[in-house]
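Overview (structure and organization)
Listed here are the chains, written in short residue letters.
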Amino acid sequence: MTVQLTAGAERPVVRLRAVAKNYDAGAVQVAALRGVSLEIPQNCFSMLVGPSGSGKTTLLNLIGCIDAPTEGTVEVCGEAIAAFGDNALSDFRARNIGFIFQNFSLVPVLSAYENVEYPLLLVGMAPAERRRRTLAMLDAVGLAAQARQRPNELSGGQKQRVAIARALVKQPQLVLADEPTANLDTATGASIIELMRRIQVELRTSFVFSTHDPHLMSHADETFTIRDGALVQPGLH
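Presented here is a report on the structure given in the accompanying data block. (Residues numbered from 1 in each chain as written. Predicted model: local features only at pLDDT ≥ 70, side-chain atom pairs only at ≥ 80, totals over all residues. Heavy atoms only, no water.)

Another aspect to go through is the side chain of T134. Summarising the element assignment, T134 is placed in helix α4 (residues 127-140). If we skip the residues at most four places from it in the chain, T134 touches Y113, V116, E117, L120 and V169. (Helix = DSSP H or I, 4+ residues; strand = E, 2+ residues; numbered from the N terminus. Contact = heavy atoms within 4.5 Å.)

With that out of the way, let us pick up a nonpolar patch on the surface. On the surface, a nonpolar cluster with roughly 240 Å² of combined accessible area is contributed by Y23, V28 and V30. Owing to a relative accessible area of 41%, V30 belongs among the partly exposed residues under this scheme. (Patch = residues over 30% accessible without salt bridge, like charges linked within 9 Å, V, L, I, M, F, W, Y side chains within 5 Å. Areas by Shrake-Rupley, 256 points an atom, 1.4 Å probe, with all protein chains shown as cover. Salt bridge = Lys/Arg side-chain N within 4 Å of Asp/Glu carboxyl O. Buried < 20%, exposed > 50% of the residue type's maximum accessible area, 1.4 Å probe, protein only.)

We now examine the layout of surface pockets. One number sums up the size of the largest pocket: a volume of about 340 Å³. Forming the boundary of the largest pocket are 16 residues, of which F99, P119, L122, R166 and K170 lie nearest the centre. Elements with a contribution of two residues or more to the lining of the largest pocket: α2 (86-96), β6 (97-101), α3 (112-122) and α5 (156-168). Its residues placed into classes, the lining of the largest pocket shows 10 nonpolar, 3 polar and 3 charged. (1 Å grid on protein atoms, 1.4 Å probe; cavity = no way out; pocket = protein on both sides within 12 Å on 5 of 7 lines; lining within 4 Å. Points joined across faces, edges and corners; volume = space filled by probe spheres on them. Nonpolar A, V, L, I, M, F, W, Y, C, P; charged D, E, K, R; others polar.)

Extensive coverage of strand β8 (residues 206-210) is indicated by the burial of 5 of its 5 residues. Residues S206, V208 and S210 line one face of β8 and the alternating positions F207 and F209 line the opposite face, and both faces are buried. Inspection of the sheet shows strand β3 (residues 45-49) paired to β8 by 4 bridges, in the parallel sense. Across the sheet, the residue bridging to S46 is V208, located in β8. Relative to β8, strand β7 (residues 174-178) runs parallel, the two sharing 5 bridges. The partner of L174 across the bridge, within β8, is S206. In this view, the connection linking β7 to its parallel neighbour β8 by way of helix α6 (residues 186-203) has right-handed handedness. (Pairing = 2+ DSSP bridges. Right-handed = clockwise from strand over helix to strand, strands pointing away.)

Looking at where D91 falls in the secondary structure, it is placed in helix α2. C-alpha of D91 to C-alpha of V175: the two residues are 84 residues apart in sequence and 16 Å apart in space. Within the structure, the side chain of D91 is placed 3.0 Å from the side chain of R95, a separation counted as a polar contact. (Polar contact = N/O pair within 3.5 Å; in protein donor to acceptor, adjacent residues only side chain to side chain.)

Next up, the structure:
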């Protein structure tokens, strides 16, 4: 099943064609994804939803160029991922894709400022531009006053704001968020969703979420339902 673009629509930020992913489990192979074909539009809040074990995280890893499909093709930001060698793939991912995780995944020995700055170090950005972007991004997520604090000195909501700033500071085309509100209380989760939506609109960044959160799902521009490794409900507004 394939989601088709409407006439005049922008090129999708993600395109999958007949994608399957198998994992070895001892003497047997487990099919995590089965023949998934979809197109995820640019500049939207797109959701991957489905029960635990349905294949959402596997699909997110393929889109994020962290894993490769067993069969089929994956295109991200207009590029065929299979064409890249390891070094080129790492560079592509560093420049074009941001990640937000449910457990925040901040470096505990670094300050909020240093955590946000870190992706810019990886792409070799000049110090003056690194500082400008990092301070601007911390200000955008409301954490300018917490720049020197380490993760253990921040609340859960503040940690997730640092993670969002880190994902966005390099101005990626695509941000992938795996259960970004799962470890937050309802009010904090709502404020984080509002922050991500505001940034998505202002920067025209494409967000793809894997989530069980009904409140986050209610903000979806597109919803793709995965069950038993297959796409069962594509592209619903």
